[in-house]
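Chain by chain, the residues run as shown.
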Amino acid sequence: GIQVEQSPPDLILQEGANSTLRCNFSDSVNNLQWFHQNPWGQLINLFYIPSGTKQNGRLSATTVATERYSLLYISSSQTTDSGVYFCAGGYQKVTFGIGTKLQVIP
Amino acid sequence: EAGVTQFPSHSVIEKGQTVTLRCDPISGHDNLYWYRRVMGKEIKFLLHFVKESKQDESGMPNNRFLAERTGGTYSTLKVQPAELEDSGVYFCASSQQGLNYGYTFGSGTRLTVV
């Protein structure tokens, strides 16, 4: 099956800082998504991004499908950005990475 | 539109008992998925319905787990009998038909088997 590698596994940021999270896939996928699991355990879909670049407020994501990786950018981080960020990819079903645990401190 | 609804949000049961989790997908979403996160590990696929049919159940851990999707609407996931290692968070997601749509996840059911 598809292997999904996320980096870094843990990240601590000062409020206002920027960060880049990375996701590598062992094989091509056409269903690539980024999720945020908030402190209450809810999984929120951030981006559906099989290729190209998308932006939503302070968040943006870029997927280079030919090189099998995706990046999630968080700019001007806020404490509410804390939680675990997952990428997932596949075809119908998706395989999740182990996540990046982000803590934004005031 | 209403999101994906899961019930209950939490369940604590004793080993050997039966628990049934329910998922109501977004209306009109043919695809329904079950995933679970056990003991802080990665989120793993359990199964995928297209309407009322099981498209892929390769992730179901064993025959103690039974999933159904009545009439292609809501879905249930029954664990019988529950074991300690079944504890975790069970997520349901739905999406529209086709490959160009992301998932919408429910809030999950946190299952604790004691």
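A quick note: this is a predicted structure, and the numbers were derived from the prediction, not measured.

1. Focus on the overall build of chain A
So, step 1. The helix and strand tally for chain A stands at 0 helices and 11 strands.
So, step 2. Starting at the N terminus and ending at the C terminus, chain A contains elements arranged as β-β-β-β-β-β-β-β-β-β-β.
So, step 3. Over its C-alpha trace chain A gives a radius of gyration of 13 Å, about what one expects of a compact globule, namely 13 Å for 106 residues.
So, step 4. Taken along the three principal axes of its C-alpha coordinates, chain A extends 40 × 25 × 20 Å.
So, step 5. Residue burial in chain A is summarised as follows: out of 106 residues, 49% are buried.
So, step 6. If you take every contact in chain A between residues at least 6 apart in sequence, the share linking residues at least 24 apart comes to 53%.

2. Things to note about the overall build of chain B
So, step 1. Regarding its fold elements, chain B presents 0 helices and 11 strands.
So, step 2. Starting at the N terminus, the α and β elements of chain B follow one another as β-β-β-β-β-β-β-β-β-β-β.
So, step 3. In terms of overall dimensions, chain B is globule-like: its C-alpha atoms have a radius of gyration of 13 Å, near the 13 Å expected for 114 residues.
So, step 4. Based on the C-alpha atoms only, the size of chain B along its principal axes is roughly 40 × 25 × 25 Å.

3. Considering the side chain of A:Ser60
Residues and elements named next belong to chain A.
So, step 1. With respect to the helices and strands, the residue Ser60 is situated in strand E7 (residues 59-64).
So, step 2. Judged by relative accessible area, Ser60 falls into the buried class, the value being 14%.
So, step 3. Each residue touching Ser60, except ones within four places of it in the same chain, is listed here: Phe47, Lys54, Gln55, Leu71, Leu72 and Tyr73.

Conventions adopted
- Residues numbered from 1 in each chain as written.
- Chains lettered and ligands numbered in written order.
- Predicted model: local features only at pLDDT ≥ 70, side-chain atom pairs only at ≥ 80, totals over all residues.
- Heavy atoms only, no water.
- Helix = DSSP H or I, 4+ residues; strand = E, 2+ residues; numbered from the N terminus.
- Rg over C-alpha atoms; globule rule 2.2 N^0.38 Å.
- Buried < 20%, exposed > 50% of the residue type's maximum accessible area, 1.4 Å probe, protein only.
- Contact = heavy atoms within 4.5 Å.

The values are spatial; any link to function lies outside them.
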